Number of protein chains: 4
Amino acid sequence: MNTFGNIYKLTCFGESHGPAIGGVIDGCPAGVEVDMQFIQSELDRRRPGGTALGTARDEADKVEFLSGIFEGRTTGTPIGFAIFNTDQRSRDYSSIKDVFRPSHADYTYFAKYGTRDYRGGGRSSARETAARVVAGALAKLALKAAGYPLHIDARIAEVGGVRGTEEEMNGMILDAKRDGDSVGGIITCTICGVPAGWGEPVAGKLHAMLAAAMMSINAAKGFEYGSGFEGCRHRGSEQNDAFAFRDGKVVTLTNNSGGIQGGISNGMDIYFNVAFKPIATIFKQQQSVDTSMNPCVVEPKGRHDSCVLPRALPIVESMAAMVMLDACLMSRSSRIGGY
Amino acid sequence: MNTFGNIYKLTCFGESHGPAIGGVIDGCPAGVEVDMQFIQSELDRRRPGGTALGTARDEADKVEFLSGIFEGRTTGTPIGFAIFNTDQRSRDYSSIKDVFRPSHADYTYFAKYGTRDYRGGGRSSARETAARVVAGALAKLALKAAGYPLHIDARIAEVGGVRGTEEEMNGMILDAKRDGDSVGGIITCTICGVPAGWGEPVAGKLHAMLAAAMMSINAAKGFEYGSGFEGCRHRGSEQNDAFAFRDGKVVTLTNNSGGIQGGISNGMDIYFNVAFKPIATIFKQQQSVDTSMNPCVVEPKGRHDSCVLPRALPIVESMAAMVMLDACLMSRSSRIGGY
Amino acid sequence: MNTFGNIYKLTCFGESHGPAIGGVIDGCPAGVEVDMQFIQSELDRRRPGGTALGTARDEADKVEFLSGIFEGRTTGTPIGFAIFNTDQRSRDYSSIKDVFRPSHADYTYFAKYGTRDYRGGGRSSARETAARVVAGALAKLALKAAGYPLHIDARIAEVGGVRGTEEEMNGMILDAKRDGDSVGGIITCTICGVPAGWGEPVAGKLHAMLAAAMMSINAAKGFEYGSGFEGCRHRGSEQNDAFAFRDGKVVTLTNNSGGIQGGISNGMDIYFNVAFKPIATIFKQQQSVDTSMNPCVVEPKGRHDSCVLPRALPIVESMAAMVMLDACLMSRSSRIGGY
Amino acid sequence: MNTFGNIYKLTCFGESHGPAIGGVIDGCPAGVEVDMQFIQSELDRRRPGGTALGTARDEADKVEFLSGIFEGRTTGTPIGFAIFNTDQRSRDYSSIKDVFRPSHADYTYFAKYGTRDYRGGGRSSARETAARVVAGALAKLALKAAGYPLHIDARIAEVGGVRGTEEEMNGMILDAKRDGDSVGGIITCTICGVPAGWGEPVAGKLHAMLAAAMMSINAAKGFEYGSGFEGCRHRGSEQNDAFAFRDGKVVTLTNNSGGIQGGISNGMDIYFNVAFKPIATIFKQQQSVDTSMNPCVVEPKGRHDSCVLPRALPIVESMAAMVMLDACLMSRSSRIGGY
């Protein structure tokens, strides 16, 4: 259950404070030119630090490709890669070792496995998403090589309930940080350039695949596409998208469907929202229990982001790119002969 | 892409006006007592007709089990089943044969496959969900047999933007019907009785599996769990769920996490919302194009529901039950020995 | 674990004496013309009776398609089908109900599931293979529609250790029958017309897929391809297949590789052998134990084939056709763009 | 298609002369004590050199675990690992770059992908099997931790057609080496300690899983289990395994079934044979074609093994261990409740 995708597949591994995170990308077609600079630039987008909005900790996420690339192109064989954790010095974990931090995965991992790697959240740390960014960046390159230079664009739509200018939303983040608190929000992602006919019926609906991909990102609490929850407050006569024929292609005059009908793309822009909760780590004392089931107080410690959204943008795009490439490759088996 | 689940799997088939719909349930453990009356009663819940809120058309959905059950119990072998379409008389499909109905899957199926079974929506008809109800009902029985008599309860939370009494919400549906229109809404589902430790990390997060399952239901436009979109408008100090130890088990004092942390159940109630759009079939003329890409008008015809929600309740519960049984069975491999 | 294939998938169900056997074929591309007569003729090939070599019992295996076909062609949606067991009258199973027949699956099913459908072998009966023949026949049609009219031909190569004329081999079968015994043998299958480049490296090697498919057939005990076991008794200088260029294509001057190198087809004929054991049901008293773990004697009863090979021919071909279509569809994702 | 297994899964990567080979092991239960020395000793068994029978090239295969292990035990999260290729110095590949070596995968990879990493055979090199040995060694440890300390033992049964003493078989290998030639043979593997009830019906038969696993090993040409091909030359009365009850368990008096009936283990020893062809690399001139489709002569070069069998032993055992652990974990879902 650490594998994403059906044909284009990422199987990932890695804990926050282990030797490395990484993965194996299987099913990438041969012939994709691997633009290393682009992949690294995507990784850099999810780095903390850099701006006042993130933490100061500097992780240099340098990806090392271990296989599947030859003379600058993919060969069709699996692409192993790793990002080594450079900052692995021994630390003092005594404050979290025996404590279940509220709204983290400490307790549930312990309940499931009877053990957990408590260092920095272990497998449940958002650090694992770096592997997704590598696979997503490659998916973008593969889509382009396949003749589908999709425009995938994730933006922050709302922070702390404020849907406003970038300035206002950044203000919400800085306010939360100043208060030793965290704040949630919503990311909108738009995918332009998808032809009609991608996505599979019933169990493989394109929006269901997007929902699973997005909800698998740490801190995601909700997903909606097209007119989403709000559209469900209206009537069919207001929501239905009339078809027309424009410039040689079928279009809809409105796009409440968000580019997907019956689970299959209709050629219009795909768009969806993902809601992310406020980060669970805050600089306040919190009530909890320890591994001996005694009450305890979790003390604030360390330095952390106060909002996940800025760093989640490339992750949302990466998951979207993987889903789209997968749908693209699956669509190659939809028909036979000249039919 | 017509298979749901990892260990407990439903592979389904069937078109609205073909000979039958049905499926194969694979991975159901041996020894489950098959309560045929219960399964049929679940199927009856999604029948139209019956109430003023649904259509008058009477489909008697009688499931026939073809294998995998012996002397009243599952044997561990695959369970084939079919629901034959009794109402297969020849009809006049000329009004929809060459027309892409707005916000239906007519155009996208055509774009994907170069062909489509246009009779009653074919595979994209909500009729396919009857197969899910069969598999979901059996999943409920299997969970009970496994010692987990979960309480899975879906309710209509909102219709046409109105979050109110059943009377008010029914009024919205009848109003839409009277106007020849349709209306959307939101279903809330609660799952009680799930122990801590179900769900898989990263790609198999319990809420991601629920999201994929729910978004695969016809007309679903959005999914959120726990405090969902609304919770993402708040701060961490307001959203974090403090742990405590009560009556011999770990609990959280609030449940904004919706019973799931890090993709794994924490033993609290699981709850989530699913938004359903207004049904695309309405009794109004609509602009569209035909298969020759000429403009056309889609004329209203036949009798249809004006709101999908009443019939969607058992489907939401069924998908939830399948996801839970699957998670239950997967959890059997989490640990080894006495560890 | 009742699903074959990766893209073209058969999920099958059914017990020997239950209401029906059948399955769901998912992943069949749209546009395949479904030649019902051909499919039925393939099913007829595996029928017992007809010849002196088989049993006299007459099963009319009539397949009913329940979905996925419209106006004579596949639509891309899943194809449900069933073969109803017409001969379901109540019988006296007291002689086998509590007894584990030697070299049948009675005991192992009981050990695995704690229960078993003992009527006619239940799920372990060779009757389930009829579903494979349906999916295999459709695979042959799909390959043809895709521009690959493969010639797949299974023949009996050896019976009871005799590798001879049809007459001699038939004699071995009749001799065994007369003696109330059964006899095993070897089937050779040849696949002509496969282009170079089908099959996947490492875990999806074409011959490994063929091996898994063939070994899943009831009574199969061995698989070898190309020069097989015998070739492994020789030296590399004798076994290597030199390449040459003939009539515009790369060929090998010998074909000890059996048309597959590194798990990928090389354009030469693919050929392999499958060994089938003598049928376990014989007309002799046999020592066994019953479900109470007491010694017992299994008494001969009923009428049965004395050799599985004549009926296994269409099954071997069907499994081969499914593997080839699956490889064909997977090969569509090997490369990208014009590369 | 670089993933083995259903619950216990290895997804592997790596080319012979790339930076590293390795993989991700997903689905290993938590709590397995990871005996690093044992894993390394298994890897050492497949090393060349050491004996007169192998090549002199020294590859130090040191595995580095990158995740999924904490305080000496598995945590239930995916286990990433890599074996770095220490010997990556630039070489002269001009002699193989444009040439398709007979009975290697050079041509078929090229036909499939339009490109290939020609250095040392790339992905098709037997070097990839080192990743399988790591996953197999861990599977052995997990089986033991689960209470099933299986005894899995692979031995060379035959070399160059000689089924004899170790001395004679070694003589065959040295003779071939002296002649600049190679020689094939057969490995027998026995698995003791498997309880009755492992393996899945129809598509997941235990011997079909073993066949797929074994046939995926480089150079494998045939697989048989129990009495195999030879048993198929006999009659049912000679081959059937009578049941008896001894020392509190059901046994068979003979074991022609090789411990598997109907695809499910019966508690007796499992045994099977795998045939390996003579290594394709020989020290003789061979006819071939180049990438421009011109005839050419492949000149002998470098140092290579003359027989794959000694090094294949731990690989056969590793694949067997993975199949068995997978079957063990799947069997946990066979039944429900106390049934």
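Please refer to the structure higher up on the page.
Residues numbered from 1 in each chain as written. Chains lettered and ligands numbered in written order. Predicted model: local features only at pLDDT ≥ 70, side-chain atom pairs only at ≥ 80, totals over all residues. Heavy atoms only, no water.

A. Quick peek at the overall build of chain A. When its secondary structure is counted, chain A shows 9 helices and 17 strands. Here the C-alpha radius of gyration of chain A, 21 Å, is about what a compact globule of 339 residues would show, namely 20 Å. In chain A, which comprises 339 residues, the share counted as buried stands at 66%. Counting only contacts in chain A whose residues sit at least 6 apart along the sequence, the fraction spanning at least 24 positions is 69%. Carbon and sulfur atoms form 49% of the exposed surface of chain A, whose accessible area is close to 11,200 Å². Between the centroid of the 36 positive side chains of chain A and the centroid of its 37 negative side chains there is a distance of 2 Å. (Helix = DSSP H or I, 4+ residues; strand = E, 2+ residues; numbered from the N terminus. Rg over C-alpha atoms; globule rule 2.2 N^0.38 Å. Buried < 20%, exposed > 50% of the residue type's maximum accessible area, 1.4 Å probe, protein only. Contact = heavy atoms within 4.5 Å. Areas by Shrake-Rupley, 256 points an atom, 1.4 Å probe, with all protein chains shown as cover. Lys, Arg positive; Asp, Glu negative; His and termini not counted. Charge placed at Lys NZ, Arg CZ, Asp CG, Glu CD.)

B. Looking closely at the relation of the copies chain A and chain B. Turning chain A through 180° and shifting it by 0.0 Å along the axis lays it on chain B, with an RMSD of 0.0 Å. Accordingly, the operation relating the two chain copies is best matched by a two-fold axis. (Least-squares fit on C-alpha atoms with pLDDT ≥ 70 in both.)

C. Local environment of the relation of the copies chain D and chain B. For the pair chain D and chain B, the relating rotation is 180°, the translation along its axis is 0.0 Å, and the fit reaches an RMSD of 0.0 Å. The overlap is high: 100% of the interface residues of chain D also sit at the interface in chain B, so the same surface is used on both sides.

D. Quick peek at the sheet that holds strand β1 (residues 3-4) of chain B. Residues and elements named next belong to chain B. The 5 strands are arranged β1-β2-β3-β7-β4 in an open sheet whose pairing can be described as antiparallel. At either margin of the open sheet sits one strand with a lone partner, and together these are β1 and β4 (63-65). The sheet contact formed by β1 and strand β2 (residues 9-14) spans 2 bridges and is antiparallel. Note on β2: the bridge partner recorded for T3 is T11. (Pairing = 2+ DSSP bridges.)

E. Summary view of the pairing of strand β10 (residues 220-225) of chain B. Extensive coverage of β10 of chain B is indicated by the burial of 6 of its 6 residues. As paired strands, strand β10 (residues 220-225) of chain A and β10 of chain B are joined by 3 bridges and run antiparallel to one another. The partner of E224 of chain A across the bridge, within β10 of chain B, is G222 of chain B. As judged from the 5 bridges shared by β10 of chain B and strand β15 (residues 270-276) of chain B, these two strands associate in the antiparallel manner.

F. Highlighting the environment of E158 of chain C. The topology assignment puts E158 of chain C in strand β8 (residues 151-159). As a C-alpha pair, E158 of chain C and V63 of chain C span 95 residues in sequence and 31 Å in three-dimensional space. If sequence neighbours within four positions are ignored, E158 of chain C has contacts with R163, M169, G184, G185, I186 and L309 of chain C together with R233 of chain D. Only 2.6 Å separates the side chain of E158 of chain C from the side chain of R233 of chain D, close enough to count as a polar contact. (Polar contact = N/O pair within 3.5 Å; in protein donor to acceptor, adjacent residues only side chain to side chain.)

G. How the structure looks around the sheet that holds strand β10 (residues 220-225) of chain C. As summarised here, the arrangement of the 8 strands in space is β8(C)-β9(C)-β15(C)-β10(C)-β10(D)-β15(D)-β9(D)-β8(D), forming an open sheet in which the pairing is antiparallel. Every other strand in the sheet has two partners, leaving β8 of chain C together with β8 (151-159) of chain D as the edge strands with one partner each. Pairwise comparison of adjacent strand axes, ignoring direction, gives a mean angle of 20° for this sheet. Across the sheet, helix α9 (residues 309-330) of chain C lies against β8, β9 (185-192) and β15 (270-276) of chain C, angled at about 145° from β8 of chain C, the strand it touches most. Sitting on the sheet, helix α6 (residues 206-215) of chain D is in contact with β10 of chain C together with β10 (220-225) and β15 (270-276) of chain D, with an inclination near 160° to β10 of chain D. (Axes fitted to C-alpha atoms, helices over the stretch in contact; angles between N-to-C directions.)

H. Layout of the interface of chain D and chain B. Listed per partner, the contact involves 17 residues of chain D and 17 residues of chain B. With both chains or domains summed, chain D and chain B bury close to 1,600 Å², and 63% of this area falls on carbon and sulfur atoms. Linking chain D with chain B are 0 salt bridges, by the criterion used here. Viewed at the interface, chain B and chain D are joined by 7 residue pairs in polar contact (both at pLDDT 80 or more). Here the residues of the side of chain D that touches chain B sort into 10 nonpolar, 4 polar and 3 charged. (Buried area = accessible area lost by both parts, 1.4 Å probe. Salt bridge = Lys/Arg side-chain N within 4 Å of Asp/Glu carboxyl O. Nonpolar A, V, L, I, M, F, W, Y, C, P; charged D, E, K, R; others polar.)

I. The pattern of salt bridges, seen in detail. Residues and elements named next belong to chain A. Following the criterion strictly, the structure yields 84 salt bridges over all chains and no others. A salt bridge links E42 to K140, with the nearest nitrogen and oxygen atoms 2.8 Å apart. Highlighted residues: E42 in helix α1 (residues 36-45) and K140 in helix α4 (residues 129-145), separated in sequence by 98 residues. Take E42 and K140: they sit in the same class, and that class is buried. The residue E128 makes a salt bridge to R132 at a minimum N-O spacing of 2.9 Å. In terms of burial, E128 and R132 fall into one category: buried. A network of salt bridges, in which partner residues are shared, links E42, R45, K140 and E317.

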